[in-house]
Structure formats: structure tokens, C-alpha cells
Amino acid sequence: MRVITGTARGRVLATLEGDEVRPTTDRVKEAIFSIIQFEIEGRQVLDLFAGSGQLGIEALSRGAAYAVFTDMSRDSVDTVKKNLLSTGLASNSSVVQTDALTFLKNTKKTFDIVFMDPPYASGLLQQAIPLAAQHMSDGGVMVCEHPYGAELPETAGEFGIYRSYKYGKVGVTVYRKTEGDDSQ
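The following refers to the structure shown.

Cut-offs used in this document
- Residues numbered from 1 in each chain as written.
- Predicted model: local features only at pLDDT ≥ 70, side-chain atom pairs only at ≥ 80, totals over all residues.
- Heavy atoms only, no water.
- Core = buried A, V, L, I, M, F, W, Y, C linked by side-chain atoms within 4.5 Å.
- Buried < 20%, exposed > 50% of the residue type's maximum accessible area, 1.4 Å probe, protein only.
- Helix = DSSP H or I, 4+ residues; strand = E, 2+ residues; numbered from the N terminus.
- Contact = heavy atoms within 4.5 Å.
- Pairing = 2+ DSSP bridges.
- Axes fitted to C-alpha atoms, helices over the stretch in contact; angles between N-to-C directions.

What about the nonpolar core?
Alright, step 1. Residues Phe33, Ile36, Phe69 and Phe115 are the most contacted members of the largest nonpolar core, which totals 29 residues.
Alright, step 2. Breaking this core down by element, the ones donating at least two residues are α1 (26-35), α2 (54-61), β2 (66-71), α3 (74-87), β4 (111-116), β5 (136-147) and β8 (170-177).
Alright, step 3. Setting aside chain neighbours within four positions, we find phenylalanine 33 in contact with Ile40, Leu55, Glu58, Ala59, Arg62 and Phe115.
Alright, step 4. Membership of the second largest hydrophobic core comes to 24 residues, among which are Phe49, Leu101, Leu131 and Tyr175.

Here is the structure:
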């Protein structure tokens, strides 16, 4: 697993071993960053369920101003920190060992981009989407990786599904702020 482009281009990232870990494939990562490529520079990023931190690190490498990484696993947090140091991106980030839902319930921060890739079939994504929507900037985007066909909420606060994509068995759903409905 490597950083695709930017200041850390080509750097190999450490990954975790085991059945509980499912890193985003290069194909899916390339697709995600193609979708948001013009929205990264200078932005505040949240990488929930960070794992190795590869999505947030890719965003930092491409010019994001700052990234917060959360994961409840000590091994994941250690791996993210190691990857941030090896890419030279640690000074533009913070890593928090916590449950993602607890983080979203307690943070006061606002984000421009949120990546969510929780363990599949855990129900965590469906719970995290409405909580994350409360911490989004007006022009923000939430990018969710999930098993293709998973049921996700159509709307979350002022955000709604913008587009969904299929990459083999993996789905990527993008949420953006929806236009106001004058009929209400």
C-alpha cells in the first residue's frame, strides 16, 4: 500500500495484519480521490475508523491543511502514527484512540472532508453518518466505504446521498449538502 500522489508520493505505508483489518484497495482509493480531487487542498479532514490512516494520509499528501485520525485499536493508532512519521506529515495531524461514535458526540470541530470505512456489517456506518453530518462545513463532503448494496440513510441532517459507486463488492457513497426544500 502506497501513497498515490502529492508530497509523500510513492511512500510505502505500514498495514495491520489479521482478519479484522480490511485496507482500502488501491483501485477504490484512486476512485475516491478522483471524486474529490479538487476539494482537498487547504481542507480539514477527519479519517474515522482510520486503520492504517491511508485515506487521511493521502489527503494530507495532496495538500489538506490538517487531518484528525480516530481508531479505537491501539495497534491501529500506533500504525497511523508510524505512517505519519514516515511520510513527514505528522505535524499536520492528530491521532486519537477512541471509539468513532464517542469522538463524533464529543468533538466541537468542523470538517470539510470525512472518510468513514468502519468494519463491514457492524452497523457503525449507519450510526456515524448522521453524527458526522453535524460536524461538516457547508461545502463539506462525507465519503463512505461499505459493502456494495448496504443500506445507508438517504439523508443525514442537511446532507444527502450525492452519488454511489460500485467497485466489485465494495460500494462508495458520497454525501453532500442538499439544496433547501421550500415546501417545508
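A look at the environment of glycine 139
Alright, step 1. Relative to the assigned elements, glycine 139 resides in strand β5.
Alright, step 2. When its relative accessible area of 48% is taken as the criterion, glycine 139 is described as partly exposed.
Alright, step 3. Note: C-alpha distance between glycine 139 and tyrosine 165 (26 residues apart in sequence) is 21 Å.

Focus: the sheet that holds β4
Alright, step 1. Read from one edge to the other, the open sheet built from eight strands follows the order β3-β2-β1-β4-β5-β8-β7-β6, with strand pairing classed as mixed. Edge strands, defined here as strands with exactly one partner in the open sheet, are β3 (93-97) and β6 (155-156).
Alright, step 2. Here β2 runs beside β3; their pairing, made up of five bridges, is parallel. Looking at the pairing, threonine 70 lines up with valine 96 of β3.
Alright, step 3. Helix-sheet contacts for α2 involve β1 (44-48), β2, β3 and β4, and the interaxial angle to β2 is about 175 degrees.

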